[in-house]
Amino acid sequence: MWEHEANIGETGSGKTYQAIKAALQRGRRIIYINPKPRRGAAYSDVTRNFYRAWPSEVDREDIRDMVNRGIPIEFIPDNHAQKGMEQLRVVVDEAFRLGNLTMIFDEAAIHSPEGCRWSPAIEVAERGREARIKGHFIVQSPSALSKRVLANCNILRIFRFNPLWTSAYLEGKQLDSKALYSKLLTAPEFSYILVKGGEVLEPRRE
C-alpha cells in the first residue's frame, strides 16, 4: 500500500495527470508539490478541488487542518530553490506527523537534485513507509533526480520520453530503451509502460 512510485516522461506526456488522478481514485489524503504553477487557474481539471497553498498564506496548522479534513492540497514552494526547500521541510515534517497520506512531487529534481545531501523527496523516499506516507515522484530527466529517491521506488511508469535524458537511466536498469521508445510512439497519447517487480507490461492508458 505504501509503495513509492516514479513517473518519467517528457512535458505533456500525462505523467502528472496520472499521478494525481490515481491518488484521488484511491481516496488518499494528498499533498501535491507543484513548483511550476499557473496562477489563476488549476493545473488541470484533475486539481480543480485542490486548495492552492502559497507559503505566505498557510502555516503548519493550516496544513494539518486541511489534511485532517480530507482537503487535497497543492503546495507551491518559492521559486528560489533553497527557500523552496526550507518551506518543503515544514510540509514534510507535518506530513510525517500526520501519516496516512500521499505526497506527489512534481518536477521532483528541482528540490531533490542528484548529489544533494538532503531533500524533501529523499526524506519521504527513505523514511516515508514507516510513517505511512506514499511518495510519488514525477520527473523528465531521471539522471537529474537524486538516485536515493529512485532507488526506493518500487513502481516505475515510463511515459513518452526524450531519449537524451532518459535512455541511459533505463539501460542502467536493464531495460531496452529503444524498444520502449518505439512502443510508446505507436501507443495512444498519454500511454505509459508499467515496470513493477522486474516485469515490463504493455503500454496502457488511464
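A brief look at the structure comes next. Here the residue numbering is sequential within each chain, running from 1 through the sequence in written order. In keeping with the predicted nature of the model, local features appear solely for residues at pLDDT of at least 70, side-chain atom pairs appear and are counted solely at 80 or more, and the whole-chain, interface and lining totals rest on all residues. In computing side-chain properties, one takes all heavy atoms of the structure into account and sets aside hydrogens as well as water.

**Some remarks on the overall build of the chain**
At step 1: Each helix and strand in the chain was counted, giving 7 helices and 9 strands.
At step 2: The quantity called the radius of gyration is restricted to C-alpha atoms. Its globule counterpart is 2.2 Å times the number of residues to the power 0.38. Here the C-alpha radius of gyration of the chain, 16 Å, is about what a compact globule of 206 residues would show, namely 17 Å.
At step 3: The principal-axis extent of the C-alpha atoms belonging to the chain is close to 50 × 35 × 30 Å.
At step 4: Remark: exposure states derive from per-residue accessible area (1.4 Å probe, protein chains only) relative to the maximum for the residue type, with buried under 20%, exposed over 50%, and partly exposed in between. For the chain, buried positions account for 51% of its 206 residues. Each helix corresponds to a stretch of at least 4 residues labelled H or I by DSSP, and each strand to a stretch of at least 2 residues labelled E; elements are numbered beginning at the N terminus.

**Describing the nonpolar core**
At step 1: Side-chain atoms within 4.5 Å link the members of a nonpolar core, which is a set of buried Ala, Val, Leu, Ile, Met, Phe, Trp, Tyr and Cys residues. Membership of the largest hydrophobic core comes to 45 residues, with the highest contact counts inside it found for Ile31, Met103, Phe137 and Ile158.
At step 2: Apart from residues lying up to four places away in sequence, Met103 is in contact with Ile31, Ile33, Val91, Val92, Ala95, Val124, Ile133, Lys134, Gly135 and His136.
At step 3: Of all hydrophobic cores here, the second largest spans 9 residues; its members include Ala23, Tyr32, Phe50 and Ile104. In what follows, residue pairs with any heavy atoms lying within 4.5 Å of each other are defined as contacts.

**Observations regarding the side chain of Glu5**
At step 1: Tracing the backbone through its elements, the reader meets Glu5 in strand β1 (residues 4-8).
At step 2: In this structure the side chain of Glu5 is engaged in a polar contact, spanning 2.7 Å, whose partner is the side chain of Lys134.
At step 3: The contact partners of Glu5, leaving out residues within four places of it in the chain, are Arg26, Lys134, Gly135, His136, Phe137, Cys153, Ile155 and Arg157. Here a polar contact is recorded for every N or O atom pair within 3.5 Å, except that within protein the pair must consist of a potential hydrogen donor and a potential acceptor, and residues adjacent in sequence are included only if both atoms are side-chain atoms.

**Here's the deal with the packing of helix α3 (residues 81-98) against helix α4 (residues 120-127)**
A pair of packed helices is characterised by two quantities: the angle between their axes and the separation of those axes.
At step 1: For every element, the axis is a line fit to its C-alpha atoms; helices are fit only across the contacting stretch, and the angle between N-to-C directions ranges from 0 to 180 degrees. Packing of α3 against α4 brings their axes to within 9 Å, and their N-to-C directions diverge by 25°. Relative to α4, the element α3 lies roughly parallel. Here Met85, Leu88, Val92 and Phe96 of α3 lie close against α4, whose contacting residues are Pro120, Glu123, Val124 and Arg127. In this scheme, roughly parallel covers angles under 35 degrees and roughly antiparallel covers those over 145, while 65 to 115 is roughly perpendicular and the rest are oblique.

**A short note on the environment of Asn79**
At step 1: Along the chain, Asn79 falls in the loop between β4 (73-75) and α3.
At step 2: The class for Asn79 is exposed, based on a relative accessible area of 73%.
At step 3: Separated by 31 residues in sequence, Asn79 and Ile110 place their C-alpha atoms 9.8 Å apart.

**What to know about the packing of helix α2 (residues 60-68) against α3**
At step 1: Packing of α2 against α3 brings their axes to within 10 Å, and their N-to-C directions diverge by 45°. Relative to α3, the element α2 is oriented oblique. Considering only the axes of α2 and α3, their crossing is right-handed. Of the residues in α3, those in contact with Arg60, Ile63, Arg64, Val67 and Asn68 of α2 are Val90, Val91, Asp93, Glu94, Arg97 and Leu98.
At step 2: Under this grouping Gly is polar, as are all residues other than the nonpolar Ala, Val, Leu, Ile, Met, Phe, Trp, Tyr, Cys and Pro and the charged Asp, Glu, Lys and Arg. Residues that form the contact of α2 with α3 fall into these classes: 5 nonpolar, 1 polar and 5 charged. Note on convention: near helix rotated counterclockwise from far helix by under a right angle means a left-handed crossing. Clockwise means right-handed.

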